[in-house]
Amino acid sequence: MIEDQNPGAGDSLNLNRRNAIKAFSFASLAMSAASIPAFAAREEPAAPKKTSYTIYNNVAGMKQDGSLKEGTLARVLGYYTPGDGGGAEYMIVKQEPELQTGHIEVGGGLSARLFNVSSVNYKMFGAVGDGQNDDGVQMKAAHAYANRMNIPVINQHGDFWIKETVGIEILTSVQWGHTAFHIDEKFNTRTLNRFLVLPHEEPLTLEFDGAAKASLLNQLKPGVTIIPELAPYKNFLIVVTDNEDRIGVRSGAVYGGRSTKAREEFFFVEEHGRIIGDLAWGFKDYTKIMAYPGSNSYLIIEGGTFYFSGESINAGGGGYVNIGFRVTRSRTVIRNQWVGLEKGKADVAMAPRSGFYSFSYVYDVLLENVTLIPWEKDRPGTDKDVPNGTYGIGGNYALNATFRNVTAEGSPVHWGVFGTNLFKNFRVEQCMLNRIDVHFYCWNLYIKDSKVGTNGITVTGGGDLFVENTICRSNSFISFRRDFGAKWDGDIRIRNCRHAPTGRGETYLLSMAADDIDYKYPVGYGRTVKIEDMVVDFNTVPDSKGTSWLMRMSTFSQAAYGGRVFFPSHMEFRNIVVEGREQGMRLLNIPDPQNYLLAKTGSYDGVQVKSNCKIILEDIQLESLNEDDPQSAGHVHLVLKKAQGAAYKDDHALYPEIIVSRCNGFAAHIGGSIAEITVDHCKVVRFTGAETGTLPGSLTFTNCKFEALVNDIGKPFYLLAAELGTSFINCLVLAPRVGTKARPDLLDRIGFLQLNKAVYYNHINTRLGNDILNHYKARGVRIAPAFIAMLKAHHELEPVVI
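Predicted, not measured: the structure shown is a model, and the values here were computed from it.

A word on the packing of aromatic side chains
(1) Moving on: Following the criterion strictly, the structure yields 56 aromatic pairs and no others.
(2) Moving on: Judged by centre distance (5.7 Å) and plane angle (75°), the rings of Trp176 and Phe306 are edge-to-face. Note that Trp176 is positioned in strand E10 (residues 174-183) and Phe306 in strand E17 (residues 299-308), a separation of 130 residues in sequence.
(3) Moving on: Given a relative accessible area of 0%, Trp176 falls into the buried group.
(4) Moving on: Given a relative accessible area of 0%, Phe306 falls into the buried group.
(5) Moving on: Between Trp281 and Tyr521, the aromatic rings sit 6.0 Å apart at their centres with planes inclined by 25°, giving stacked as the arrangement. Here Trp281, found in the loop between strand E15 (275-276) and strand E16 (288-293), pairs with Tyr521, found in the loop between strand E30 (507-512) and strand E31 (528-537); they are 240 residues apart in sequence, far enough to count as distant. For the residue pair Trp281 and Tyr521, the accessibility class agrees, reading buried in each case.
(6) Moving on: Among the aromatic side chains, those forming a connected cluster through ring pairs are Tyr122, Phe160, Trp176, Phe181, Phe195, Phe306, Phe308, Phe325, Phe356, Tyr357 and Trp375.

This is how it looks when you write it as structure tokens:
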């Protein structure tokens, strides 16, 4: 029977010793204490053999009981009221000079220390949840205790308000379930995030003697996979910095080339110095090497709903405000969360946000099953615009980061939810985001089964760029950031994707146009490019008239300062169709091939072209072109135009083999560039090999139809002379068209044959279309047998005139 020894107060229910022994097994309490980690057990010793056990309605009742003695045990049924979730067990101990988290002062030089605790919640530390109290204070205390005891925080429900509190440190796993957090943004700061997910260990600054440093520098270069000097730092993320070597000049009106980055590299060290993370740079020297602990376990933060008030501190003073999680602990998993505005609230903040989730100096992190919002920036009325980009996700120096089933979409008012730097081995899976953006240097990016909104995929960097089964609703399927050189130093693979342009202006599958400045590193268009099974979808903007290109390149192949743009050794575009409008695609506009820089060597000696680049264009729905000047370079699908009289730099210039297959209505202007070109199963409407003289290379047309589409009948419709020969195999010649009218009478203007007079170049089974045959038959013109024989088989060394 429970005896009420203080019936007037109503705050405590005391058990006499006999009933306490009946009600509770101290043996089980001792076993629970023994299960706590060693350092926790030292802080909370097992209960003594002879003691009293007292139950209180709440903490206040325990504090008011002046009879408590050292060594006794106490239990509260709630922090404020019984059953409010704050119930816990305590041991009465001598109060230490400084009251620690998890201790409650009870008077008489004593404090109640939490006892027999395997997890904590926020009510145990006095969180109120009434909308007035800053519950962040009690949350911070709960996590501080959990961190010290190395136990999880399990708070599955309840509403809590975070007002001025920042810097809530999380070092152990968290289960929030249906817990809701209401964050008052008036108290956002530019110094600390609301939550800090931290490692137990501090980073190290590494020092090496002269010989070790020289050896290390010799190994810091692309292709290296083992660095023995770093073997002692197994399970650390290494960041190498040379602050004296500035790269990544940022162009544009705002930065004006003044912003630069230190040359940096980061990777993870495994057994015997094996590294994870491809090395992108070599180093002549370094100013600092830091080692960040990799953690030996996964910290999991699961559940929780976060409501924001929408306003923020004033924009005055500049800089970004911090609002959510800053994760600097490797092997962290955050999942099953919802982030948005309070009901009835709007985003009216004028200060840019740094990101609700921000990952920095981490290895192996996962963000999964999360819904959040992009923040507003470009509101109606410029006086309401946020002065800088404002983000929902941010970070830098993240290796092996995965975002899975993350949703954050928005309208044109919203800024891109995503903005990061220096992400490596980055995976985006099953996400719906209004932007995927790595400002400065991404290395190895994989996007799969995702949808990206109008702010697009914007990146620079290198390694693998693989995109599969993904929709991007932007004018460029991938836009390589002009301000950082629009570069990709690696392989690009895009497969089974859908590009849905916004309909404003020109559109591109790949936009890779840089400014003509020295970015302090080489810029270029990838090492290999392959895009296949792509749909360009204009269904939402069927009236769009903007030209669509496979790629947008810079207007130069050598920058004004002398640096040469690197060019892929292999480019392949296959099975690209347009939906939602009749207007199809244009292909490539490649300026000044003589100045590009390729990894492989090529050459041309007047006998053969040694190609160092293969370009395959197959099954692409081309734009139907109107009539134009036969030698026009501005109204064609493929342009490869060498500057007049310009010499090729060396054997690393562009010497391409180009194969165009099943692309109807094809028009090209090669401009006298060195090339080996094969056109197969295409209707060719205009083709200029060289405006003057002959093309240095070869031209081969197989199973093609020639139907010239021109507006100037005073020039040859095709210029096809090539130094290594021009060949026609099973080709069909149709009547030229001037405007909308077929003109079989202009057959002699096509440039490679004249009816019953001459046949130029190499022919096997060339045929005349029925429109031409019927035209001349109606006029009583008989096709000469000698002319037919030359169409059937003619070699360029044979006489061309009948």
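Section: the layout of surface pockets
(1) Moving on: Taken as a whole, the largest pocket holds about 1200 Å³ of empty space.
(2) Moving on: Those elements that place two or more of their residues in the lining of the largest pocket are strand E20 (357-371), strand E21 (393-408), strand E22 (418-429), strand E26 (457-468) and strand E28 (476-480).

Section: the pairing of strand E33 (residues 570-579)
(1) Moving on: Two elements, E31 and E33, share nine bridges in a ladder whose sense is parallel. Paired with Val529 across the bridge in E33 is Met571.
(2) Moving on: The sheet contact formed by E33 and strand E38 (residues 613-620) spans six bridges and is parallel. When the bridges of E38 are listed, Ile576 appears paired with Ile620.

What about the pattern of salt bridges?
(1) Moving on: Overall, the coordinates contain 36 salt bridges when judged by the stated rule.
(2) Moving on: For Asp483, the salt bridge is made with Arg250, and the minimal N-O distance between the two is 3.0 Å. Taken together, the residues span a long stretch of sequence, with Asp483 in the loop between E28 and strand E29 (488-499) and Arg250 in strand E13 (residues 236-250) at a distance of 233 residues. Like Arg250, Asp483 is buried.
(3) Moving on: Notably, a salt bridge pairs Asp347 with Arg353, separated by 3.1 Å at the nearest N-O pair. Across the pair, Arg353 and Asp347 agree in class, each one buried.
(4) Moving on: One network of salt bridges, in which partners are shared, links Glu185, Asp347, Arg353, Glu376 and Arg379.

Digging into the sheet that holds strand E14 (residues 259-269)
Adjacent strands of a sheet pair through backbone hydrogen bonds, lying either parallel or antiparallel.
(1) Moving on: The sheet built from five strands is open, its strands ordered E12-E16-E13-E14-E15 with antiparallel pairing. Two strands lie at the open edges of the sheet, namely strand E12 (204-205) and E15, each paired on one side alone.

Let's talk about the confidence of the model for the protein
Any residue range with low pLDDT should be treated as having predicted coordinates unsuitable for detailed reading.
(1) Moving on: A residue-level look at the protein finds 93% of positions with pLDDT of 70 or above and a mean pLDDT of 91.
(2) Moving on: Confidence drops under a pLDDT of 50 for residues 1-45, and excluding neighbours within four residues, the segment shows 76 contacts in the predicted structure.

Side note on unusual backbone geometry
(1) Moving on: The backbone of Asn336 shows a phi angle near 60°, a positive value even though the residue is not glycine.
(2) Moving on: Relative to the elements of secondary structure, Asn336 occurs in strand E19 (residues 332-341).
(3) Moving on: Positive phi, close to 55°, is recorded for Asn496, a residue that is not glycine.
(4) Moving on: Among the structural elements, Asn496 can be located in strand E29.

Parameters and conventions
Residues numbered from 1 in each chain as written. Predicted model: local features only at pLDDT ≥ 70, side-chain atom pairs only at ≥ 80, totals over all residues. Heavy atoms only, no water. Phe/Tyr/Trp six-rings, centres within 6.5 Å; stacked < 30°, edge-to-face > 60°. Helix = DSSP H or I, 4+ residues; strand = E, 2+ residues; numbered from the N terminus. Buried < 20%, exposed > 50% of the residue type's maximum accessible area, 1.4 Å probe, protein only. 1 Å grid on protein atoms, 1.4 Å probe; cavity = no way out; pocket = protein on both sides within 12 Å on 5 of 7 lines; lining within 4 Å. Points joined across faces, edges and corners; volume = space filled by probe spheres on them. Pairing = 2+ DSSP bridges. Salt bridge = Lys/Arg side-chain N within 4 Å of Asp/Glu carboxyl O. pLDDT = per-residue confidence, 0-100. Contact = heavy atoms within 4.5 Å.

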